[in-house]
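Chain residues, written in single-letter form:
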Amino acid sequence: MNVGLVAHDSKKKLMQNFCIAYRGILCKHNLYATGTTGRLIEEVANLSIHKYLAGHLGGSQQLGAQIEHNQIDMVIFLRDPLTPKSHEPDVDTVVRLCDTYNIPLATNLATAELLIKALDRGDLEWREMYR
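Residues numbered from 1 in each chain as written. Predicted model: local features only at pLDDT ≥ 70, side-chain atom pairs only at ≥ 80, totals over all residues. Heavy atoms only, no water.

Before going further, it helps to spend a moment on the packing of helix α1 (residues 12-21) against helix α3 (residues 35-45). Across the interface, α1 lies against α3 with an axial gap of 9 Å and an inter-helix angle of 45 degrees. With respect to α3, the element α1 is oriented oblique. For the crossing formed where α1 meets α3, the hand is right-handed. Contacts between α1 and α3 involve Lys 12, Met 15, Gln 16, Cys 19 and Ile 20 from the first element and Thr 36, Thr 37, Leu 40, Ile 41, Val 44 and Ala 45 from the second. Of the residues contributing to the contact of α1 with α3, the split by class is seven nonpolar, three polar and one charged. (Axes fitted to C-alpha atoms, helices over the stretch in contact; angles between N-to-C directions. Helix = DSSP H or I, 4+ residues; strand = E, 2+ residues; numbered from the N terminus. Parallel < 35°, antiparallel > 145°, perpendicular 65-115°, else oblique. Left-handed = near helix turned anticlockwise from the far one by under 90°. Contact = heavy atoms within 4.5 Å. Nonpolar A, V, L, I, M, F, W, Y, C, P; charged D, E, K, R; others polar.)

Let's shift gears to unusual backbone geometry. One non-glycine residue with positive phi stands out, namely Asn 70, at about 60 degrees. Structurally, the position occupied by Asn 70 is in the loop between α4 (59-68) and β4 (74-78).

Turning to the packing of aromatic side chains, a few remarks are in order. With the rule as written, the count across this model stands at two aromatic pairs. On the basis of an interplanar angle of 45 degrees and a centroid distance of 5.0 Å, the ring pair of Phe 18 and Tyr 22 is categorised as tilted. Taken as a pair, Phe 18 and Tyr 22 share a single burial class, namely buried. (Phe/Tyr/Trp six-rings, centres within 6.5 Å; stacked < 30°, edge-to-face > 60°. Buried < 20%, exposed > 50% of the residue type's maximum accessible area, 1.4 Å probe, protein only.)

Quick look at the packing of α4 against helix α5 (residues 91-100) now. Where α4 meets α5, the axes come as close as 10 Å, and the angle between the chain directions of the two elements is 5 degrees. Viewed along their axes, α4 and α5 adopt a mutual orientation that is roughly parallel. Seen from α4, the contacting residues are Leu 63, Gly 64, Ile 67 and Glu 68; seen from α5, they are Val 94, Leu 97 and Cys 98. A per-class count over the contact of α4 with α5 returns five nonpolar, one polar and one charged.

Attention now goes to α3. Within α3, the full set of buried residues consists of Gly 35, Thr 37, Gly 38, Leu 40, Ile 41 and Ala 45. On its buried face, α3 is in contact with β1 (2-7), α1, α2 (23-26), β2 (30-33) and β3 (49-51). Asn 46 sits one or two residues past α3 and shows a positive phi near 55 degrees.

This is the structure in structure tokens:
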């Protein structure tokens, strides 16, 4: 499965901790992340991640293009709804594309944990028929 990982600046540490905790599951899948998020995850979790550009430099658009071409099976976008910044990845675009193309999306830690456990159980194998 192809998993997209994105985090707003204030949630990057949370994303790192999430990836450390679920490294055993994530290492079995293809991981894609915006530039800074991907680099920070690689530094602490020893996971191989395909890194896009930084979110504000087009990384969010690169993720969006993969979603549009049915090349992403699940997205974890840990966002900060209280202090969004104009230079951070645009959550609305990613959410809209996931809704349009029927891609499971987590925007907070609770939902991310549910999705990662579902991924481990094989509950997302239905995505295979879309390809």
